[in-house]
Amino acid sequence: MTVNIETLLTTFFSNSHQYPAFLNRAKEGKITRDENPVSHFCSYMGIFDPVTKEVFMGHHKKANKWLFNGGHIDKDELPLRAALRELYEEVGLRLTDHDLIGPSLINHITIPPSTKFTCREHYHIWYFVPVRKAQINLQHPELQKEFFKNQWLTLSEAMNITTDDTNKEALDWLSLWH
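Here goes a summary of the coordinates provided.

What counts, and at which threshold
Residues numbered from 1 in each chain as written. Predicted model: local features only at pLDDT ≥ 70, side-chain atom pairs only at ≥ 80, totals over all residues. Heavy atoms only, no water. Helix = DSSP H or I, 4+ residues; strand = E, 2+ residues; numbered from the N terminus. Buried < 20%, exposed > 50% of the residue type's maximum accessible area, 1.4 Å probe, protein only. Contact = heavy atoms within 4.5 Å. Polar contact = N/O pair within 3.5 Å; in protein donor to acceptor, adjacent residues only side chain to side chain. Core = buried A, V, L, I, M, F, W, Y, C linked by side-chain atoms within 4.5 Å. Pairing = 2+ DSSP bridges. Phe/Tyr/Trp six-rings, centres within 6.5 Å; stacked < 30°, edge-to-face > 60°. Lys NZ or Arg CZ within 6 Å of the ring centre and 35° of its normal.

**What to know about the environment of S43**
Okay, step 1: Position of S43 relative to the elements: it lies in strand β1 (residues 39-49).
Okay, step 2: Under the relative-accessibility criterion, S43 is labelled buried at 0%.
Okay, step 3: A C-alpha to C-alpha distance of 11 Å links S43 and F68, two positions 25 residues apart in sequence.
Okay, step 4: Setting aside residues up to four positions removed in sequence, S43 forms contacts with G70, G71, I73, P79, A82, A83, I125 and Y127.
Okay, step 5: Of note is the side chain of S43, whose polar atom sits 2.7 Å from the backbone oxygen of P79.

Set out below in structure tokens:
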């Protein structure tokens with residue numbers, strides 16, 4: 001698993017300023033939450049409608065922030081598989097490898113100490129997901145469980161509503177792609 005993460009990072013992100021830190025963390029091993037509840041890798045998905053130029057975000061209950069969907073990579077799972085699994089679990093979308101753009105972005109967040117989380121560091125690997133708005137069920141049970149509210153937002157609205165720097169960076173990436 002670690003070798004696959006290292007290969008992914010080297011193949012797609014060797015020119016990124018974040019690459020050395022990501023590669024060093026990957027080489028440490030124990031990259032999943034099950035193996036290391038404090039510092040681990042996650043897959044995030046920037047869901048967007050390329051026609052309306054809107055993004056799908058939610059007000060996350062635990063983080064109390066507006067975020068894109070995403071989640072922890074499971075043991076022996078590649079980031080792309082984690083992204084596809086999370087898309088199905090959280091949003092009800094059954095997609096294939098070819099439906100996602102990426103991996104497109106990496107970024108890191110340090111999570112302040114809290115009683116809500118054991119996580120202190122997330123190493124995000126981002127995929128972007130072009131879909132039509134009608135494909136998303138806003139009443140999906142997992143969305144209701146994890147988020148106070150979910151909605152489609154323009155890039156400008158999303159940039160104004162989110163306070164999370166990693167999600168703002170993903171929005172910047174999308175603004176360049178459009």
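**Details of the side chain of H124**
Okay, step 1: Along the polypeptide, H124 turns up in strand β6 (residues 121-130).
Okay, step 2: Apart from the residues within four sequence positions on either side, H124 is in contact with F22, C42, Y44, L105, I106, N107, I109 and T166.

**A short note on the nonpolar core**
The nonpolar side chains of a soluble globular protein tend to be buried, and buried together.
Okay, step 1: Among the nonpolar cores identified, the biggest contains 32 residues, and L9, F41, I47, L87, L100, V129 and I136 are the most heavily contacted of them.
Okay, step 2: Counting only elements with at least two residues in this core, the list comes to α1 (2-13), α2 (19-28), β1, α3 (79-91), β6 and β7 (147-154).
Okay, step 3: Counting residues per element, this core draws most heavily on α3, which supplies five residues.
Okay, step 4: Contacts of L9, omitting those with residues within four sequence positions, involve S14, Y19, F22, L23, A26, F41 and I106.
Okay, step 5: Counting residues in hydrophobic clusters, the runner-up holds 17 residues, among them C42, F48, L153 and L174.

**Observations regarding the pairing of β1**
Okay, step 1: The element β1 is largely enclosed, with a buried count of eleven among its eleven residues.
Okay, step 2: Residue alternation in β1 divides its side chains into two sets, S39, F41, S43, M45, I47 and D49 and H40, C42, Y44, G46 and F48, and both sets are buried.
Okay, step 3: Sheet analysis places β1 next to strand β4 (residues 69-72), joined by four bridges and oriented antiparallel. Across the sheet, residue C42 finds its bridge partner in β4, namely H72.

**Let's talk about the packing of aromatic side chains**
Okay, step 1: For the structure shown, the criterion picks out nine aromatic pairs.
Okay, step 2: Ring geometry for F22 and F41: centres 5.8 Å apart, planes at 80°, overall edge-to-face. Here F41 lies in strand β1 and F22 lies in helix α2, a separation of 19 residues in the sequence. Here F22 and F41 have matching classes, each one buried.
Okay, step 3: Following the ring pairs from residue to residue traces out a cluster consisting of Y44, F68, W126, F128 and W173.
Okay, step 4: Over the face of the ring belonging to Y88 we find R94, whose NZ or CZ atom lies 4.0 Å from the ring centre.

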